[in-house]
Amino acid sequence: MASVDQTLLYGLLFANAALYALLILGIFKKRGSGLEASSVAEAFLLLEAALKKKFPDMPAGFTWREAMGRIRDMNPRLDWKSLEGVLKGYEAYRYGGFELSYTDPGEVLRLASVLGKGARFVRGP
Amino acid sequence: MEKVPGLSEDLKEKVLGEIRKVVIGREREATLLLICLFAKGHVLLEGVPGTSKTLLANAFSKCLGLQFKRVQFTPDMLPLDIVGGFIFNMKEREFEFKRGPTFTNILLADEINRTSPKVQSALLESMQELQVTVEGHTEKLPSPFMVIATQNPLEFEGVYPLPEGQLDRFMVRIQFDYPDVEVESKILKRNLTEIDLGGVREVMTPEELGEVYKEVASVKVSDEILDYLAKIAQETRTDGGISLGASPRAMVQLVHCARAHAVLVGRNFVTPDDIKHLAQSVLTHRLRVERSALLKGGSPNPQAILTSILDRVKPPR
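As the structure is a prediction and not an experimental result, all values here were calculated from the model.

1. Brief notes about the overall build of chain B
Thought 1: When its secondary structure is counted, chain B shows 13 helices and 11 strands.
Thought 2: The C-alpha atoms of chain B give a radius of gyration of 20 Å, which matches the 20 Å a tight globule of 317 residues would have.
Thought 3: Taken over the C-alpha atoms alone, chain B extends approximately 70 × 45 × 45 Å along its principal axes.
Thought 4: Counting every position in chain B, which comprises 317 residues, the buried fraction comes to 42%.

Shown next, in the form of C-alpha cells:
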C-alpha cells in the first residue's frame, strides 16, 4: 500500500514538474514568437512598428536618428556602438544603394524587444 | 560602404579652428557658411547689430585663400557702385567697362537692406547667373563667386526689405541670436585684448576647394529622397498658414546643401537627417506667412510652420 502511495506521489510530482515546464516553455515561446526577421531591412520595419507603439506621439516625419535619440534618452542597456554600426550600414543601403554591411538583425530586434515587442532572429534562406 | 575621402572634414576643422581665434560661440553659423560655400550658394546673415555677423564673415573669408571684397551698403548707393559701369577713358577717347566690387570670389555685402531695392536688384544677375550685364555688355564673374550678405531685422529703422526674388537667391539664411551667458562671458574676456584678424591664417587653397566641389557633386541622392523633398515642397505650398511656399529653386538648393553637409560628415549619400537638419536654414526666409491665417490663430512664425510640415511628411525609412 505504501509503495503504491509512493508511486502515485512520484507520478504526481513528475506530472506537476512536466506541467510547469510546459507552462514556462509556453511563456517563453509566446514572448519570442511575436516578431521574426529574416534580414536587417525587415528588422527595421519591425522596429518602426515597435516605435510607433511605444511612442504614439512620435510624428510621422521621424527619422531613424531621431528615433534612436529618443530611445537613448530611456537609457536602455543596449550595445549602442554596435547599433550605430548597424544603423550606418542600413542608411548606406537604404539611401546610398550600397550592399548591407551587417546581415545579422539581432541588435535591431533586441532594440524592438526593449520597446516592448517580442522579437527573435530567424535566419533567412 | 564607400567612405568619402576626409578632405572636407579636415578642411572643416581647419577653417573652424581659424575662426575660433577671433569669433566665439559661432560654430554652427560657421559650419553653415562652409556648407554654403561647398554647395556654391550665397548666404544671408541676419541678426541685431553687434552679434558678430561681419566679424564672422571677415574671418571666414580670410581663411579661404580666395579674393575678397567688402561693400558697405548705404541708401545713396547706385547699381554701378556694385557691378561696375562704363566710364569714358580720356586717353583712348572711348568708353570702357570698369569692374565693380562684384568681381571677386567672396563679396561681403554688409547691411544689404540699408540700400534701395534698385541696388539690391543689381546683384540678382550676379548671384544667379554668375555674370554681370551693363548696357548690353556681359562679363563673367570669377569662380567661385559667393555673396555673404548681412542684414538687420526688418523692424529696424531705415531698412528696405529684400524682395522675394532676391531672398530666393540666398541659399541659406543664418540667424544670429544673442549669445548665452557662458558664451557672452567668454566674448567679453576675449575682447579685453584687441581682436587681430591678422592672426587668421589661410587654410584652404582654390585647388582644395575644387576637390571638395568634386566630392559634393559625387554625393548620391536617391529617388526616394527626391520624392521626400518634393512632398515637403508641396506641403509648403498647400499649408493654410503659408501664402508663398518654397520655390523649385529653393528645393534644388536644399539638395545641394544636403550633399555638402553629407560630405562634411564623411558620407557620400544624402539621408533624411541632412534634409531636416538644413530645411530651416534653407527654406524659412523664402516662406511668407498667410495673414488671414494669423487672424484664425495660425502661427506667425515660418519656423514653427516648417517644423510642423517636417513632422508630418514621412521620410523614406
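2. Some thoughts on helix H2 (residues 40-54) of chain A
Residues and elements named next belong to chain A.
Thought 1: Spanning 15 residues, H2 covers 20 Å between terminal C-alpha atoms, matching the ideal 21 Å at 1.5 Å per step.
Thought 2: Along H2, the residues that are buried comprise Val 40, Ala 43, Phe 44, Leu 46, Leu 47, Ala 50 and Leu 51. The buried residues of H2 occupy an angular sector of 160 degrees when projected down its axis, which confines them to one face.
Thought 3: Those residues of H2 hidden inside the fold are in contact with strand E1 (36-37), helix H3 (64-73), helix H4 (80-96) and helix H5 (106-114).

3. Here's the deal with the sheet that holds strand E2 (residues 68-72) of chain B
Residue and element names in this part refer to chain B.
Thought 1: Reading across from one edge, E2-E5-E8-E1-E9 is the order of the 5 strands in this open sheet, with parallel pairing throughout. Unpaired on one side and paired on the other, E2 and strand E9 (172-176) mark the two borders of the sheet. Across this sheet, the average inter-strand angle for adjacent strands is 15 degrees, counted without regard to direction.
Thought 2: For strand E1 (residues 43-47) and E9, the ladder comprises 5 bridges, and the chain directions are parallel. From the neighbouring strand, Gly 47 faces E9, where its bridge partner is Phe 176.
Thought 3: Packed on one face of the sheet, helix H2 (residues 27-38) meets E1, strand E8 (146-151) and E9 and runs near 170 degrees to E9.

4. Thoughts on the pairing of strand E5 (residues 106-110) of chain B
Residues and elements named next belong to chain B.
Thought 1: With 5 of 5 residues buried, E5 lies mostly within the body of the structure.
Thought 2: Side chains Ile 106, Leu 108 and Asp 110 of E5 all project onto a buried face; the interleaved residues Leu 107 and Ala 109 project onto the opposite face, where all are buried too.
Thought 3: Pairing geometry for E2 and E5, over 5 bridges, is parallel. Bridge assignment links Gln 72 to a residue of E5, and that residue is Asp 110.
Thought 4: For E5 and E8, the ladder comprises 4 bridges, and the chain directions are parallel. Looking at the pairing, Ile 106 lines up with Met 146 of E8.

Thresholds applied
- The numbers attached to residues start from 1 for each chain and follow its sequence in the written order.
- Chains and ligands are labelled sequentially in the order written, the chains with letters from A and the ligands with numbers from 1.
- Where totals are concerned, whole chains, interfaces and linings use all residues; where local detail is concerned, this predicted model gives features only for residues with pLDDT of at least 70, and gives and counts side-chain atom pairs only at 80 or more.
- Here a helix means four or more residues in a row that DSSP labels H or I, a strand means two or more in a row labelled E, and each is numbered from the N terminus.
- We take the radius of gyration over the C-alpha atoms and set the globule estimate at 2.2 Å times the residue count to the 0.38 power.
- Exposed residues have 12 or fewer other C-beta atoms within 10 Å of their own C-beta, buried residues have 20 or more, and partly exposed residues fall in between, where C-beta atoms are placed from the backbone.
- Between the first and last residue of a helix there are one fewer steps than residues, each counted as 1.5 Å, and that sum is the expected span.
- The directions considered for the arc are those from the helix axis to the C-beta atoms.
- Contact between residues is assigned whenever the C-beta positions, reconstructed from backbone atoms, fall within 7 Å.
- Only strands that DSSP links by at least two bridges are regarded as paired with each other.
- Every axis in this analysis is a line fitted to C-alpha atoms, fitted for helices over the stretch in contact. Angles between the N-to-C directions lie between 0 and 180 degrees.

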